[in-house]
Amino acid sequence: MQLKGWIIYNGNLYTQKFSEQVEWLLRTASQFDIELEAVANHELLVTIDGGNAKLQPDRPGPAPDFVFFWDKDLFLARQLEQQGIRLFNSARAIEICDDKALTHQQLANQGIPMPKTIIAPKIYRSVQDDRHLTQVIETLGFPLIMKESFGSFGEQVYYIQNERTLRQKVHELGNTPYIFQQYVQSSYGKDVRLHVVGDRVVAAMLRKAEGDFRANVTAGGKMFPYQPTEAEKALAVRCSQLVGADFTGVDLLFGANQEPILCEINSNAHFKNIYDCTGIDLTKAMLGYIKEQL
Ligand SMILES: Nc1ncnc2c1ncn2[C@@H]1O[C@H](COP(=O)(O)OP(=O)(O)O)[C@@H](O)[C@H]1O
Ligand SMILES: [Mg+2]
């Protein structure tokens, strides 16, 4: 029987880079004999009516066999799951990956090497009492890294040189959720991105930036095909499984002895950069995996 699926994408973030990837998935799906339809998240409104949840407007035809959920709209993801639809990735996996504080908390106590991380305490309005910074400084020293819990492309990751900039940033961020983190000097300007599908690393690249501690391609990092070590592969797969994801882009930092350290996990990793860098087509790996799973 032919599989029917939807790819859900964010209808308000539909840049050329995005539409290109949605169309690419649709093309690969047709090669895999999967009937895939692109649906924008705002075409499906989560509605509670008469005390019950549903999606509206009604879409004609039977429910899809799966949803390739390429967005972070968690309410929509959870509603689709409540209706019994299998999501790739699951709502919970997307939730854990999207929130950097939650990612680190979820991976803690599992033997995963991570930079020392302190989750900023919740502030309601503005910072009135910043005495906790004494503990932060004592634990992490300078320089340290601050990262907003929700961010990408390295744009919400800050290098904090001294106490003055620390206080300034803390007051500036106010109620925005973020973490304080140990600066991993040995990884300056470079990291590895491993793409995991199920329990396999299917592609990897090294990213290197010049003149910036962040290796993100959007921040000027250059990409190089990379042959990951067994330790790097094992760590990426383990992290991906601990957050319950089917597909991830796992970013690893290099420790002082080149040992891998988990930086972050992306549940909605783009597949264009890795294709340009390695020629590996993730859409094939992902849709092949979906077919296998169903
Ligand atoms: N603790 C750290 N020490 C050193 N460099 C870091 C650290 N955390 C992140 N980086 C650098 O910053 C980049 C962006 O951080 P990351 O957590 O991946 O955020 P984003 O979601 O914006 O990509 C990483 O790819 C890495 O190069
Ligand atoms: Mg990253």
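See the structure shown above.
Only a predicted model underlies this, so the values are computations on that prediction, with no experimental measurement involved.

Peer 1: Just give me the short version of the site of ligand 1, but keep the residues and values in it.
Peer 2: The immediate surroundings of ligand 1 are formed by 22 residues, with Lys-100, Lys-147, Gly-154, Gln-182 and Asp-191 found nearest. At 3.3 Å from an oxygen atom of ligand 1 is found a main-chain nitrogen or oxygen belonging to Gly-151. At 2.5 Å, a side-chain N or O of Asp-191 approaches an oxygen atom of ligand 1. Contact with the protein chains hides 99% of the accessible area of ligand 1, taken as 550 Å² for the molecule alone.

Peer 1: Which residues make up the side chain of Asp-281, and what values go with them?
Peer 2: Note that Asp-281 resides in the loop between α8 (272-278) and α9 (282-293). Buried charge Asp-281 goes without a salt bridge, the closest partner of opposite sign being Lys-284 at 4.1 Å. Of the polar contacts made by the side chain of Asp-281, one reaches the side chain of Trp-24; its length is 3.3 Å.

Peer 1: Quick one: what's the story with the coordination of the magnesium ion (ligand 2), residue by residue and with numbers?
Peer 2: For the magnesium ion (ligand 2), the full set of protein donor atoms is Asp-251 (OD) and Glu-264 (OE), and the range of their distances to it is 1.9 to 2.3 Å. Separated by 13 residues along the polypeptide, Asp-251 in strand β14 (residues 247-254) and Glu-264 in strand β15 (residues 260-266) bring together distant segments of the chain. You'll find Asp-251 and Glu-264 in the same group, each marked buried.

Peer 1: For the environment of Tyr-14, give the residues involved together with the corresponding values.
Peer 2: Along the chain, the position of Tyr-14 falls in the loop between β1 (3-9) and α1 (16-31). Residue Tyr-14 is classed as partly exposed on the basis of its relative accessible area of 36%. Residues Tyr-14 and Gly-221, spaced 207 residues apart in sequence, show a C-alpha to C-alpha distance of 24 Å. Tyr-14 has contacts with Tyr-9, Ser-19 and Val-22, leaving out every residue within four places of it along the chain.

Peer 1: A description of the pattern of salt bridges should follow, citing residues and the corresponding values.
Peer 2: A side chain with one charge can pair with a side chain of the opposite charge if their charged atoms come near. Per the counting criterion, the structure on display carries 20 salt bridges. Note that Arg-131 and Asp-129 form a salt bridge whose closest N and O atoms lie 2.6 Å from each other. Residue Arg-131 is classed as exposed on the basis of its relative accessible area, which comes to 63%. Where Lys-272 meets Asp-276, a salt bridge forms, and the shortest distance between an N and an O atom there is 2.9 Å. Of this pair, Lys-272 and Asp-276 both sit in helix α8, four residues apart, roughly one helical turn.

Peer 1: Report on the packing of helix α2 (residues 74-82) against helix α3 (residues 91-98), specifying residues and quantitative values.
Peer 2: In contact at an axis separation of 9 Å, α2 and α3 are set at 160° when each is read in the N-to-C sense. By the angle class used here, α2 and α3 are roughly antiparallel. Where α2 crosses over α3, the two elements pack in a sense that is left-handed. Facing Leu-74, Ala-77, Arg-78 and Glu-81 of α2, the residues of α3 in contact are Ala-91, Ile-94 and Glu-95. Of the residues assigned to the contact of α2 with α3, the class counts are four nonpolar, no polar and three charged.

Peer 1: Residue-level account of the sheet that holds β15, with values.
Peer 2: Think of a sheet as strands paired side by side through backbone hydrogen bonds, with each pair either parallel or antiparallel. Sheet architecture is open: five strands sit in the order β13-β12-β11-β14-β15, paired in antiparallel fashion. The sheet terminates laterally at β13 (222-225) and β15, the two strands that pair on one side only. When the angles between neighbouring strand axes are averaged without regard to direction, this sheet yields 30°. Both strand β11 (residues 190-197) and β14 contribute to a ladder of six bridges, which runs antiparallel. For Val-192, the partnering residue across the bridge sits in β14 and is Leu-252.

Peer 1: Please provide a residue-by-residue account of the environment of Met-1, values included.
Peer 2: Structurally, Met-1 can be placed in the segment before β1. A relative accessible area of 93% places Met-1 in the exposed class. With 33 residues separating them in the primary sequence, Met-1 and Ile-34 have C-alpha atoms 9.7 Å apart.

Peer 1: Tell me about the sheet that holds strand β7 (residues 117-119), residues and numbers included.
Peer 2: Ordered by their spatial adjacency, four strands build an open sheet running β7-β10-β8-β9, and the pairing between neighbours is antiparallel. For this open sheet the edge positions go to β7 and β9 (157-160), each flanked by a neighbour on one side alone. Adjacent strand axes in the sheet meet at a mean angle of 25° when their direction is disregarded. Examined bridge by bridge, β7 and strand β10 (residues 178-182) share three bridges and lie antiparallel to one another. Of the residues in β10, the one forming a bridge with Thr-117 is Gln-181. Across the sheet, helix α4 (residues 100-107) touches β7, β8 (144-148) and β10, and the angle it forms with β10 is around 60°.

Parameters at a glance
- Counting restarts for each chain: residues are numbered from 1 in the order of the written sequence.
- Each chain takes a letter, starting from A, and each ligand takes a number, starting from 1, following the order in which they are written.
- Residue-level local features of this predicted model are given only where pLDDT is at least 70; pairs of side-chain atoms are given and counted only at 80 or more, and the full residue set underlies all totals for whole chains, interfaces and linings.
- The basis for every side-chain value is the complete set of heavy atoms in the structure, and neither hydrogens nor water enter the calculation.
- In these notes, residues near a molecule or strand are those with any non-hydrogen atom within 4 Å of it.
- Polar contacts, as counted here, are pairs of nitrogen or oxygen atoms within 3.5 Å of one another; within protein the pair requires one atom able to donate a hydrogen and one able to accept it, and residues that are adjacent in sequence qualify only if both atoms are side-chain atoms.
- Note on areas: Shrake-Rupley with a 1.4 Å probe; residue coverage comes only from the protein chains shown.
- The helix and strand labels rest on DSSP assignments: H or I over at least four residues marks a helix, E over at least two residues marks a strand, and numbering proceeds from the N terminus.
- Categorising residues by exposure relies on relative accessible area from a 1.4 Å probe, with only protein chains included: less than 20% of the type maximum marks a residue as buried, more than 50% marks it as exposed, and the intermediate range marks it as partly exposed.
- All tallies of charge rest on Lys and Arg as positive and Asp and Glu as negative; His and the ends of each chain are not included.
- Salt bridge, as applied in this entry: a Lys or Arg side-chain nitrogen positioned within 4 Å of an Asp or Glu carboxyl oxygen.
- Donor atoms (N, O, S) are those found within 2.8 Å of the metal centre, with the cutoff raised to 3.2 Å for Na, K and Ca; water is not part of the atom list, so apparent gaps in a site can occur.
- By the convention used here, residues are in contact when the closest approach between their heavy atoms is within 4.5 Å.
- What counts as an axis is a line fitted to C-alpha atoms, over the stretch in contact for a helix, and the angles between N-to-C directions run from 0 to 180 degrees.
- Note on angle classes: values under 35 degrees are labelled roughly parallel, values over 145 roughly antiparallel, values of 65 to 115 roughly perpendicular, and the remainder oblique.
- The sense of a crossing depends on the near helix, which, turned anticlockwise from the far helix by less than a right angle, makes the crossing left-handed and, turned clockwise, makes it right-handed.
- Ten residue types, Ala, Val, Leu, Ile, Met, Phe, Trp, Tyr, Cys and Pro, are classed as nonpolar, four, Asp, Glu, Lys and Arg, as charged, and the remainder, Gly among them, as polar.
- Strands were regarded as paired on the criterion that DSSP finds at least two bridges between them.

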